[in-house]
Every structure is written in C-alpha cells, then in structure tokens.
Number of protein chains: 2
Amino acid sequence: MPTPTLYLEDFAVGQRYRSGRLRVEAAAIKEFAAAFDPQPFHLDDAAAAASFFHGLAASGWHTASLTMRLLVDSEMRPAGGIIGGWADELKWPRAVRPGDELEAEAEVLAVRASESRPGHGFVKFRVTTQNQRGEPVQIVVMNLLVAARPT
Amino acid sequence: MPTPTLYLEDFAVGQRYRSGRLRVEAAAIKEFAAAFDPQPFHLDDAAAAASFFHGLAASGWHTASLTMRLLVDSEMRPAGGIIGGWADELKWPRAVRPGDELEAEAEVLAVRASESRPGHGFVKFRVTTQNQRGEPVQIVVMNLLVAARPT
C-alpha cells in the first residue's frame, strides 16, 4: 500500500515517525568534508586523532544532511513535500564516526494554521538522530510548512 | 602573510568577518539533492516549476553546507578549527536558485569562557548568507567552541 500523503489536519501533538537506518562510512565523511567542510578533523585520520575530536568525525552539516535523507525516505510524507521553514534549535551532542548507523525519529510538538498563507500551516517537530548505541548525535526542532487538506 | 589564528581573547562583540563568493549551479543543486534531499523541487526543473518553490531550489541543507564552506575558506580562523556546538536559530528566508552567487558574513554576538571546559570558551556568531542581490538566503546563530590563548 502506498504511503499516504499527510495534510496539516493529519498531524497531532505527540505523533512520532521513525526512519530507516543509514550507515556512514569513512569515505563518505571525507567526501562530504572535501566539498563543504574541509577541516583536518573531517578529512584526515592522523590529523583527526590529534584534534578536539580524537578521531575522524563527520561534519555537523553532514549529519544534518543525512538526517534529512532519513526523513525524506521515511513514512512521514507531508503534502507538498518536507519543506523546512526554520529551526528553533540545532545541536550536535556527539560526533558521528566512521561505521556509525544513524536513524531519526520525528515527534510532533505543535500544529498551527498559517495566518499569512491561507490553506497552509506549520508543524513543529523535534527530530532526534541517534547512532547504533542509541546515543543522540543531532537534535533539531524544525518547523515545516504543510498544506491543509483541499476542501 | 598567513591568516592569523584567532584565540578566544581575539574575539569581541561587533566584529564582522566576510567570506568570498561561491556560485551555485543547477547541476550542484541536483547532485546534493540526489544524495541528501531527493524531493522533486530540488531534482527536476518541471516538477520544481509546479511546486511551492515555482522553480528549481537548493535544499536548505545544501545552503547550510555551502555557508560552512564559505566560512572555512574565509579569514575567520579560530584556534582548533570551526567547531559548531549548537545553533540557536536557523532560517531560510529565501530559496537559493541556479546561478546564485552566495557570500556569508559572520558577526560576533557574544564571547564567554566555558565553565566545564577550562581553556576554552564559546563565541556566538550570527552568520548571514546572501545572494548576488544582497537578499538573505540563510541566517544562523551559531555557537562555536574556541580555544583560549595558551598561557
């Protein structure tokens, strides 16, 4: 059965959506860093060992991008797509390491209609990304623009 | 002359650091999206034209990642690297479009010593990324961990 499209009215505080899993290899960490965050602790094992991170660590923006991929591939399918307007908070309590397996859980914190954009509203989610030991590697509180059900 | 390393004591409220420029091509928007945010409005021109975005738009996480690249390549060189602990706020007031040229400006909002981590502190920056028309495409308030000058 295809995953249903979720309209604003389908979201309610407390709902949780869980993603699949995604394994992060050292090569992917270095490839992302070479493009977007070319600092030694994201690129080179020896330099990383001598750094604040004590070993190769993914860029936080890589972790954020992987989290987006987990959400897009999940059953959480708002009408019109996953369109993030803004985040209230974004933190990385722990680095992502080579071989980590990530999964994300999105919990609905609030739902409200938009005043400026009729037929739309905002759903506030806390999205927690964790590694294979259940340790959070990223927590973001994200506000998505979601279409109301057509009348 | 090499860019000097900046210690916690070198940062002061009101300082501004400006990045270079970086042009975003349609191919790069689609490549990032294919890896991390595979939604039609980031991948396909026709689907994007019919979407909320009315045309191809970069993923917000792509904009965030490009902003990190601009900062890493800038003169803003904290001791130990650019290590983001958390963001208080992250917003995308406007989409990034093919052909846009981005630049970022980081303004120091606060500087404080860390209580739990002797010899380190936090510098809070507002980083504004703008396109070639001077329109903001991303605003993030980011807290970086910075080493104090060795005594």
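Everything here concerns the structure above.
Read on for a plain summary of the structure. (Residues numbered from 1 in each chain as written. Chains lettered and ligands numbered in written order. Predicted model: local features only at pLDDT ≥ 70, side-chain atom pairs only at ≥ 80, totals over all residues. Heavy atoms only, no water.)

1. Things to note about the pairing of strand 4 (residues 120-130) of chain B
Residue and element names in this part refer to chain B.
- Bridge count for strand 3 (residues 101-113) against strand 4 is 10 bridges, and the pairing is antiparallel. Bridging across to strand 4, Ala 113 finds its partner in Gly 121.
- Here strand 3 folds back onto strand 4 in antiparallel fashion, the turn holding six residues, of which Gly 119 has a positive phi close to 80 degrees.
- Sheet topology note: the strand 4/strand 5 (residues 136-147) ladder contains 11 bridges and is antiparallel. Looking at the pairing, Thr 128 lines up with Ile 139 of strand 5.
- With antiparallel pairing between neighbouring strands as the criterion, strand 4 and strand 5 make up a hairpin whose turn holds five residues, including Gly 134 at a positive phi of roughly 75 degrees. (Pairing = 2+ DSSP bridges. Helix = DSSP H or I, 4+ residues; strand = E, 2+ residues; numbered from the N terminus.)

2. A word on unusual backbone geometry
All names here are of chain A.
- Of note, His 54 is a non-glycine position whose phi angle comes to about 50 degrees, a positive value.
- When you line up the elements, His 54 lands in the loop between helix 3 (45-49) and helix 4 (60-72).
- Overall, His 54 belongs to the exposed group, its relative accessible area being 66%. (Buried < 20%, exposed > 50% of the residue type's maximum accessible area, 1.4 Å probe, protein only.)

3. Some details on the packing of aromatic side chains
- Counted according to the given criterion, the structure contains 16 aromatic pairs over all chains.
- With a centroid separation of 5.3 Å and 65 degrees between ring planes, the pair formed by B:Trp86 and B:Phe122 is classed as edge-to-face. Taken together, the residues span a long stretch of sequence, with B:Trp86 in strand 2 (residues 83-91) and B:Phe122 in strand 4 at a distance of 36 residues.
- The buried category is assigned to B:Phe122, whose relative accessible area is 16%.
- Taken together, the ring pairs in this structure connect A:Phe32, A:Phe36, B:Phe32 and B:Phe36 into an aromatic cluster. (Phe/Tyr/Trp six-rings, centres within 6.5 Å; stacked < 30°, edge-to-face > 60°.)

4. Details of the interface of chain B and chain A
- Contacts between the two partners involve 35 residues from chain B and, on the opposite side, 35 residues from chain A.
- At the boundary of chain B with chain A, total buried surface from both sides reaches about 2800 Å², with 67% on carbon and sulfur atoms.
- On the chain B side of the interface with chain A, the three residues burying the most area are B:Phe36, B:Phe52 and B:Trp61, jointly 24% of the side's total.
- At the boundary of chain B and chain A, one finds zero salt bridges.
- Our count for the contact surface shared by chain B and chain A stands at 12 residue pairs in polar contact (both at pLDDT 80 or more).
- For the side of chain B that touches chain A, the elements supplying multiple residues, two or more each, are helix 1 (26-36), helix 4 (60-72), strand 2 and strand 5 of chain B.
- The residue inventory of the side of chain B that touches chain A, partitioned by class, reads 21 nonpolar, seven polar and seven charged.
- Bridge count between strand 2 (residues 83-91) of chain A and strand 2 of chain B: four bridges; the pairing is antiparallel. (Contact = heavy atoms within 4.5 Å. Buried area = accessible area lost by both parts, 1.4 Å probe. Salt bridge = Lys/Arg side-chain N within 4 Å of Asp/Glu carboxyl O. Polar contact = N/O pair within 3.5 Å; in protein donor to acceptor, adjacent residues only side chain to side chain. Nonpolar A, V, L, I, M, F, W, Y, C, P; charged D, E, K, R; others polar.)

5. Considerations on the relation of the copies chain B and chain A
- Expressed as a screw transformation, the operator carrying chain B onto chain A has a rotation angle of 180 degrees and an axial translation of 0.0 Å, and the superposed copies differ by an RMSD of 0.0 Å. Such values leave the two copies arranged in the relation of a two-fold axis. It is B:Glu89 whose C-alpha, among those of chain B, lies nearest the rotation axis, at 2.7 Å.
- Same-surface contact between copies: 100% of interface residues of chain B are shared with the interface of chain A. (Least-squares fit on C-alpha atoms with pLDDT ≥ 70 in both.)

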